Amino acid sequence: MIFRDKPLGAVVNEVNRYRPGKIVVMNSELGRRLVNGTFQTDKLDDFVAQVRQLFGADVRSLPGGIVLLS
């Protein structure tokens, strides 16, 4: 998947189509941050780590593949 100047919220919606569970953006300001990048659908855990690193997001993993970003 390739994203150019897409809001994180929209990117998360697309990423959720390709992974079990669900990533939820809990902070509207974070959801508006722009994403540029290429992500492999078989390595989407890397996506969460990159959001944490690039945007300083807090990440909380819950059972069932639920990931909360804030």
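Residues numbered from 1 in each chain as written. Predicted model: local features only at pLDDT ≥ 70, side-chain atom pairs only at ≥ 80, totals over all residues. Heavy atoms only, no water.

A.B. asks: Which residues make up the overall build of the chain, and what values go with them?
C.D. replies: On a plain count of helices and strands, the chain comes out with three helices and five strands. Listing every helix and strand of the chain by position from the N terminus yields β-α-β-α-β-α-β-β. Sorting the 70 residues of the chain into buried and exposed places 31% on the buried side. Counting only contacts in the chain whose residues sit at least 6 apart along the sequence, the fraction spanning at least 24 positions is 62%. Of the roughly 4,600 Å² of accessible surface on the chain, a fraction of 47% belongs to carbon and sulfur atoms. (Helix = DSSP H or I, 4+ residues; strand = E, 2+ residues; numbered from the N terminus. Buried < 20%, exposed > 50% of the residue type's maximum accessible area, 1.4 Å probe, protein only. Contact = heavy atoms within 4.5 Å. Areas by Shrake-Rupley, 256 points an atom, 1.4 Å probe, with all protein chains shown as cover.)

A.B. asks: Give a description of the packing of aromatic side chains that names residues and reports values.
C.D. replies: Taken as a whole and judged by the stated rule, the model has two aromatic pairs. Measuring from centroid to centroid gives 5.1 Å for Phe-39 and Phe-47, while their planes differ by 90°, and the two rings are edge-to-face. (Phe/Tyr/Trp six-rings, centres within 6.5 Å; stacked < 30°, edge-to-face > 60°.)

A.B. asks: Quick one: what's the story with the packing of helix α1 (residues 8–16) against helix α3 (residues 44–55), residue by residue and with numbers?
C.D. replies: Where α1 contacts α3, the axes come no closer than 11 Å and their chain directions differ by 165°. On the basis of their axis angle, the class for α1 and α3 is roughly antiparallel. Judged by the sense of rotation from one axis to the other, the crossing of α1 with α3 is left-handed. For the pair formed by α1 and α3, the contact residues are Leu-8, Val-11, Val-12 and Val-15 on the first element and Leu-44, Phe-47, Val-51 and Phe-55 on the second. Per-class residue counts for the contact of α1 with α3 are eight nonpolar, no polar and no charged. (Axes fitted to C-alpha atoms, helices over the stretch in contact; angles between N-to-C directions. Parallel < 35°, antiparallel > 145°, perpendicular 65-115°, else oblique. Left-handed = near helix turned anticlockwise from the far one by under 90°. Nonpolar A, V, L, I, M, F, W, Y, C, P; charged D, E, K, R; others polar.)

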